[in-house]
Amino acid sequence: MITDTWNAVDDYFSRGLVKSDTALDAALEASTKAGLRAINVAPNQGKFLNLLAKIHGARRILELGTLGGYSAIWLARALPEDGSMISLEANPDNADVARKNIAAAGLANKVSVITGLAAESLEQMIQSKTPPFDFIFLDADKSSYPEYLRLTLRLSRPGTVIVADNVVRDGKLVDPQNNEPDVLGVREFFHMLTAMPGTESTAVQTVGSKGYDGFSITIVSAPPTDVGS
Ligand code: SAH
Ligand code: DHB
Ligand code: MG
């Protein structure tokens with residue numbers, strides 16, 4: 001019953017504030033046709049990420065977990081003309097769908113989808129001294145969020161913003177009986193952030209067409225220098 005209301009409110013926002021367009025609609029349609037799960041961010045969440053990246057003036061964006069490229073399209077649209085985005089995806093079929101959707105949205109010149117385990121791609125970027133990113137969106141496997149935090153901090157500069165999706169999971173976060181790997185990963189992620197100097201964080205719960213979940217947001221003032229590898 002309550003979820004009907006959440007859906008109705010999301011629909012209301014999507015009809016008004018968050019107008020979709022053919023590229024975004026086509027990306028979701030192509031993703032469904034290719035058999036991808038509909039675990040992309042909701043339209044109003046996609047636009048929320050887009051506005052955060054714009055507010056921050058992000059010129060270099062990193063995403064972990066591309067799926068069909070829906071959130072990547074929202075984020076890449078926040079970039080200036082000379083901006084760029086890298087999105088990491090383990091599943092080569094998903095990456096193919098995403099590259100096509102991103103190209104159809106006219107963003108192929110800005111977005112590179114890298115196929116492979118996110119942790120391995122991140123290690124490679126660290127080794128090759130890839131310049132730091134301004135805005136980082138964590139949305140791959142939640143069990144690895146602690147590792148992703150350690151690695152992405154090494155690709156951060158003072159001022160980098162890190163947003164993590166799906167940090168509430170129907171409240172499983174605080175259910176002491178729940179020890180699923182995803183939930184343990186998110187708990188450890190928060191534990192790390194709580195004790196981490198040189199960062200400031202908060203998290204917000206969300207409800208809507210994608211259920212009950214939430215985002216965390218972190219601003220890195222001083223990337224740790226002693227995080228090891
Ligand atoms: N950001 C997307 C949704 C991502 S869903 C959107 O909102 O539109 C999570 C994605 O992470 C899936 O496509 C899954 O294949 C990918 N993934 C899971 N484990 C991964 C890993 N170890 N490395 C990289 N990608 C991974
Ligand atoms: C799942 C992953 C997501 O990124 C998400 O937004 C929702 C669900 C999942 O793996 O179930
Ligand atoms: Mg997600």
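Residues numbered from 1 in each chain as written. Chains lettered and ligands numbered in written order. Predicted model: local features only at pLDDT ≥ 70, side-chain atom pairs only at ≥ 80, totals over all residues. Heavy atoms only, no water.

### Some words on the site of ligand 1
And then number 1: Near ligand 1 lie 20 residues; those nearest to it are Val 41, Gly 65, Ser 71, Glu 89 and Asp 139.
And then number 2: Between ligand 1 and Ser 71, the relevant distance is 2.8 Å, taken from a nitrogen atom to a side-chain nitrogen or oxygen of the residue.
And then number 3: A distance of 3.1 Å separates a nitrogen atom of ligand 1 from a polar atom in the backbone of Ala 90.
And then number 4: The cavity where ligand 1 resides is the largest pocket.
And then number 5: The class makeup of the residues in the shell around ligand 1 is nine nonpolar, seven polar and four charged. (Near = heavy atom within 4 Å. Polar contact = N/O pair within 3.5 Å; in protein donor to acceptor, adjacent residues only side chain to side chain. 1 Å grid on protein atoms, 1.4 Å probe; cavity = no way out; pocket = protein on both sides within 12 Å on 5 of 7 lines; lining within 4 Å. Sits in = over half its atoms within 2 Å of the grid points. Nonpolar A, V, L, I, M, F, W, Y, C, P; charged D, E, K, R; others polar.)

### With respect to the packing of aromatic side chains
And then number 1: Evaluation of the coordinates by the stated rule reveals four aromatic pairs.
And then number 2: One aromatic cluster is present, built from ring pairs that chain together Tyr 145, Phe 189 and Phe 190. (Phe/Tyr/Trp six-rings, centres within 6.5 Å; stacked < 30°, edge-to-face > 60°.)

### Brief notes about the site of ligand 2
And then number 1: By nearness alone, every residue bordering ligand 2 is listed as Arg 37, Ile 39, Asp 139, Lys 142, Asp 165, Asn 166 and Arg 169.
And then number 2: Taking Arg 169, its side chain carries an N or O atom lying 3.3 Å from an oxygen atom of ligand 2.
And then number 3: For ligand 2, whose free accessible area comes to 290 Å², the fraction covered by protein is 74%.
And then number 4: Residues that form the shell around ligand 2 fall into these classes: one nonpolar, one polar and five charged. (Areas by Shrake-Rupley, 256 points an atom, 1.4 Å probe, with all protein chains shown as cover.)

### Focus on the coordination of the magnesium ion (ligand 3)
And then number 1: Around the magnesium ion (ligand 3), the protein supplies Asp 139 (OD), Asp 165 (OD) and Asn 166 (OD1) as donor atoms, at distances of 2.1 Å.
And then number 2: Mapping the donors of the magnesium ion (ligand 3) onto the primary sequence gives the spacing D-x25-D-N. Of the two residues, Asp 165 and Asn 166, both sit in the buried class. (Donors = N, O, S within 2.8 Å, 3.2 Å for Na, K, Ca; no water. Buried < 20%, exposed > 50% of the residue type's maximum accessible area, 1.4 Å probe, protein only.)

### Observations concerning the side chain of Ser 71
And then number 1: Here Ser 71 shows up in helix α4 (residues 70–76).
And then number 2: On the basis of relative accessibility, which here comes to 5%, the residue Ser 71 falls in the buried class.
And then number 3: For Ser 71, the residues in contact, after removing those within four places along its chain, are Val 41, Glu 63 and Phe 137. (Helix = DSSP H or I, 4+ residues; strand = E, 2+ residues; numbered from the N terminus. Contact = heavy atoms within 4.5 Å.)

### A few points about the side chain of Asn 101
And then number 1: Note on placement: Asn 101 falls in helix α5 (residues 92–104).
And then number 2: Filtering out sequence-adjacent residues up to four positions away, Asn 101 remains in contact with Ala 26, Ala 27, Ala 30, Ser 31, Gly 68 and Ile 73.

### Some details on the nonpolar core
And then number 1: Ile 61, Leu 75, Met 85, Ile 102, Phe 135, Phe 137 and Val 163 are the most contacted members of the largest nonpolar core, which has 31 residues in total.
And then number 2: If you list the elements that add at least two residues to this core, you get α2 (22–33), α3 (43–56), α4, α5, β3 (111–115), β4 (133–138) and β5 (156–165).
And then number 3: The element contributing the most residues to this core is α4, with six residues.
And then number 4: Among residues more than four places away in sequence, those in contact with Ile 61 are Ala 53, Leu 75, Leu 79, Ser 84, Met 85, Ile 86, Phe 133 and Phe 135.
And then number 5: If you look at the next biggest cluster of nonpolar residues, it comprises 30 residues, including Leu 88, Met 125, Met 192 and Met 196. (Core = buried A, V, L, I, M, F, W, Y, C linked by side-chain atoms within 4.5 Å.)

### Details of the packing of helix α7 (residues 145–153) against helix α8 (residues 181–194)
And then number 1: The geometry of α7 relative to α8 is characterised by a closest axis approach of 7 Å and an angle of 40° between their N-to-C directions. Classified by the angle between their axes, α7 and α8 sit oblique to one another. Residues Tyr 145, Pro 146, Leu 149 and Arg 150 of α7 touch α8, and the partners they reach there are Gly 185, Val 186, Glu 188, Phe 189, Met 192 and Leu 193.
And then number 2: Residues of the contact of α7 with α8, tallied by class, amount to seven nonpolar, one polar and two charged. (Axes fitted to C-alpha atoms, helices over the stretch in contact; angles between N-to-C directions. Parallel < 35°, antiparallel > 145°, perpendicular 65-115°, else oblique.)

### Here we look at the pattern of salt bridges
And then number 1: This model, assessed by the stated rule, comprises eight salt bridges.
And then number 2: The partner of Lys 33 in a salt bridge is Glu 29, with the nearest N and O atoms 3.7 Å apart. With Lys 33 and Glu 29 both in helix α2 and four residues apart, the pair spans about one turn of that helix.
And then number 3: A salt bridge links Arg 157 to Asp 134; the nearest nitrogen and oxygen atoms lie 2.9 Å apart. Of this pair, Arg 157 sits in strand β5 while Asp 134 sits in strand β4, placing them 23 residues apart in sequence.
And then number 4: Residue Arg 157 is classed as partly exposed on the basis of its relative accessible area of 27%. (Salt bridge = Lys/Arg side-chain N within 4 Å of Asp/Glu carboxyl O.)

Keep in mind that these numbers describe shape and distance, not what the molecule does.
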